[in-house]
Structures are given as structure tokens and as C-alpha cells.
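Given next are the chains, with one letter for each unit.
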Amino acid sequence: MTCYDRQDLGLLLLRLGTGGVLAAHGAQKLFGWFGGGGIEGTGAAMEAMGYAPGKQSAVMAGLAEAGGGALLALGLATPAAGSAAAGAMVGAAAVHAPNGFFAAAGGYEYAASLALTAAGLAVTGPGRLSLDHALGHAVNRGWMVPAALAVTGAATAAVVGLRNRRVREAAEFGQETLFDE
């Protein structure tokens, strides 16, 4: 194998693994598959975590994870797919941040790893073993990478910022949240 062949195979493996995990997480939120809560259950949980409105937050997170994950696995629209998935996982990391880094203690380690891998794939590109390559990179242009990351970064900062403000206000007014952070 040449170096390029190894890189393409490595990117394929990263895309399939990361995309598959993200798609499964999104399916939990959207459809209740794999032991997930579906939109109703996830919406209630997201509302308790400070993401409001809960149902809309569940749909948006589910679409970003399932859609972004599926597109990453296929290697299609890689900048947008990786950015959307990374944004969703940054939102998850914000919930787990008070518990520290390690997942064993309820920390943000897992969400951060998925976010960084998805963002890395958005920047690096899907490789030659992808639909983007097969379609002549019509939805994987160089300018799309910073654009997708900037739009997703701004939207994620706004959503997480509003969530953090809600959690802070609830704590100040002595309101109990349904979800322990």
C-alpha cells in the first residue's frame, strides 16, 4: 500500500466508526432506538438539563448527531457533517463539564473525543474512499470548512451560553433541576 492508500483507509475507518456512533446517538434521541428516550423522553431530559425548549433541542441534537454521523460515515458533505456533529457533542460536553474530564466520573471525556474527531474529519476531509470524492467534491470545497465551523461554532456558543445562563439562574433562585450535573 502507498501512503495515500493507507491515509484513505484510515480516514474511512475513522469516518465509519465515528459516524456510526454519532448516528446511533441521534437515533436514540429521534426514534428511541437502542434504549433511547425518543423525542418525548429526550426532550424532557434536555429541558431538565437547561436546553429549552426541550423537544426542539432534542430534535436539533438528534438531527445533528444522526444526520452528521450518517453523512460522515458516507463521506458526504464532510465539512457540514463534521461541524454539525461536533457542535452537538460540544453541547453534550457542556452538560458533563461540572463532573470533570473523565467519563467514569460523569465527565465530558467521551463527548469531547467525539467532537474533536468529527471536527478533525471536517478539516481533513473524507479521503478518496468517500461519496465526496466520487461526486467531485461538489459539497466539500475548501471554503466550506471555515464557513461550516464558523456557523456551527457561533450557533453552539449561543445555545450553550443560553443553557448555562438558565442553569445558573435556576441555581440562584434555588430551583431544583431534574438532572444532576
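The structure we're discussing is the one just above.
Residues numbered from 1 in each chain as written. Predicted model: local features only at pLDDT ≥ 70, side-chain atom pairs only at ≥ 80, totals over all residues. Heavy atoms only, no water.

S.K.: Is there a simple way to explain the packing of helix α4 (residues 78–96) against helix α5 (residues 109–124) in this structure?
M.R.: Packed helices, taken two at a time, are described by the angle between their axes plus the distance between the axes. As a packed pair, α4 and α5 sit with axes 8 Å apart at the nearest point and diverge in direction by 165°. Judged by the angle between their axes, α4 and α5 are roughly antiparallel. Relative to α5, the crossing made by α4 is left-handed. Across the interface between the two elements, Thr-78, Pro-79, Gly-82, Ser-83, Ala-85, Ala-86, Met-89, Val-90, Ala-92 and Ala-93 from α4 touch Ala-111, Leu-114, Ala-115, Ala-118, Ala-119, Leu-121 and Ala-122 from α5. Considered class by class, the residues forming the contact of α4 with α5 number 14 nonpolar, three polar and no charged. (Axes fitted to C-alpha atoms, helices over the stretch in contact; angles between N-to-C directions. Helix = DSSP H or I, 4+ residues; strand = E, 2+ residues; numbered from the N terminus. Parallel < 35°, antiparallel > 145°, perpendicular 65-115°, else oblique. Left-handed = near helix turned anticlockwise from the far one by under 90°. Contact = heavy atoms within 4.5 Å. Nonpolar A, V, L, I, M, F, W, Y, C, P; charged D, E, K, R; others polar.)

S.K.: So what exactly am I meant to see when it comes to the pattern of salt bridges here?
M.R.: Opposite charge on two side chains permits pairing when their charged atoms draw close. In this structure the tally under the stated criterion is five salt bridges. Across the salt bridge formed by Asp-8 and Arg-128, the nearest N and O atoms sit 2.5 Å from each other. Taken together, the residues span a long stretch of sequence, with Asp-8 in helix α1 (residues 3–31) and Arg-128 in the loop between α5 and α6 (131–134) at a distance of 120 residues. Given the relative accessible area of 9%, Asp-8 is considered buried. Look at Arg-128 and you get partly exposed, because its relative accessible area is 40%. With a shortest N-O distance of 3.7 Å, Glu-169 and Arg-165 are connected by a salt bridge. Residue Glu-169 and its partner Arg-165 are located together in helix α7 (residues 144–172), separated by four residues, close to a single helical turn. Relative accessible area serves as the criterion here: at 35%, Glu-169 is assigned to the partly exposed category. Bridged by salt links that share partners, the residues Asp-5, Asp-8 and Arg-128 form one connected network. (Salt bridge = Lys/Arg side-chain N within 4 Å of Asp/Glu carboxyl O. Buried < 20%, exposed > 50% of the residue type's maximum accessible area, 1.4 Å probe, protein only.)

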